[in-house]
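Inside the fold
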Amino acid sequence: MTGTGVERSSGVGTSPWIVSDELWDRLEPLLPQRERRFRYPGRKPLPDREVLCGILYVLHTGIQWEYLPQELGFGSGMTCWRRLRDWNEAGVWQRLHEVLLAELNAASRLDWSRCVVDSSHVRALKGGSTRALRPSTGAGPARSTI
């Protein structure tokens, strides 16, 4: 582990929140570029790779964002949360998912016969169907239990 909290390794036998060089090389071009203000630029932002490690740490361990240990060098939990929110709004995760699927498909590493489409992720165009009264499944009204 280096002093910045990020281990530069191949990812073999490391913690799940340590980002491998291979994954970082795929992810870095997808991240939006931030511009610093010329006047009153404020504190320099933490490097994206360290913040990504903090995000993965929180998601892997299940701790609350505010309890992210400062000693790990990932920045504050709020910084990691904000960066995750910004990357999500910029579509980074969707593009990364598409890139990885395309690479795996090109290498014939995907078994499409085991694919499942979850309806909660498929958009219902024009609002879907209207709600209607559902027919009763019983023969008549239920008896009172009082």
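Read on for a plain summary of the structure. What you see is a predicted model, and the numbers here were worked out from it, not measured in a lab. (Residues numbered from 1 in each chain as written. Predicted model: local features only at pLDDT ≥ 70, side-chain atom pairs only at ≥ 80, totals over all residues. Heavy atoms only, no water.)

Focus on the pattern of salt bridges
According to the stated counting rule, one finds 5 salt bridges in the structure shown. Where Asp21 meets Arg49, a salt bridge forms, and the shortest distance between an N and an O atom there is 2.8 Å. In this pair, Asp21 is assigned in helix H1 (residues 21-27) and Arg49 in helix H2 (residues 48-61), connecting sequence segments 28 residues apart. Residue Arg49 is classed as buried on the basis of its relative accessible area, which comes to 8%. (Salt bridge = Lys/Arg side-chain N within 4 Å of Asp/Glu carboxyl O. Helix = DSSP H or I, 4+ residues; strand = E, 2+ residues; numbered from the N terminus. Buried < 20%, exposed > 50% of the residue type's maximum accessible area, 1.4 Å probe, protein only.)

Some details on helix H4 (residues 92-106)
Spanning 15 residues, H4 covers 21 Å between terminal C-alpha atoms, matching the ideal 21 Å at 1.5 Å per step. In the stretch just after H4, Ser108 is the one whose phi turns positive, near 55 degrees. (Expected span 1.5 Å × (residues − 1).)

Concerning the packing of aromatic side chains
With the rule as written, the count across this model stands at 2 aromatic pairs. Ring centres of Tyr57 and Phe74 lie 6.2 Å apart, and the angle between their planes is 50 degrees; this geometry places the pair in the tilted category. A residue pair is termed long-range when its members are at least 10 positions apart, and Tyr57 in helix H2 and Phe74 in the loop between H2 and helix H3 (77-89) qualify at 17 residues. The exposure class assigned to Tyr57 is buried, which follows from its relative accessible area of 15%. (Phe/Tyr/Trp six-rings, centres within 6.5 Å; stacked < 30°, edge-to-face > 60°.)

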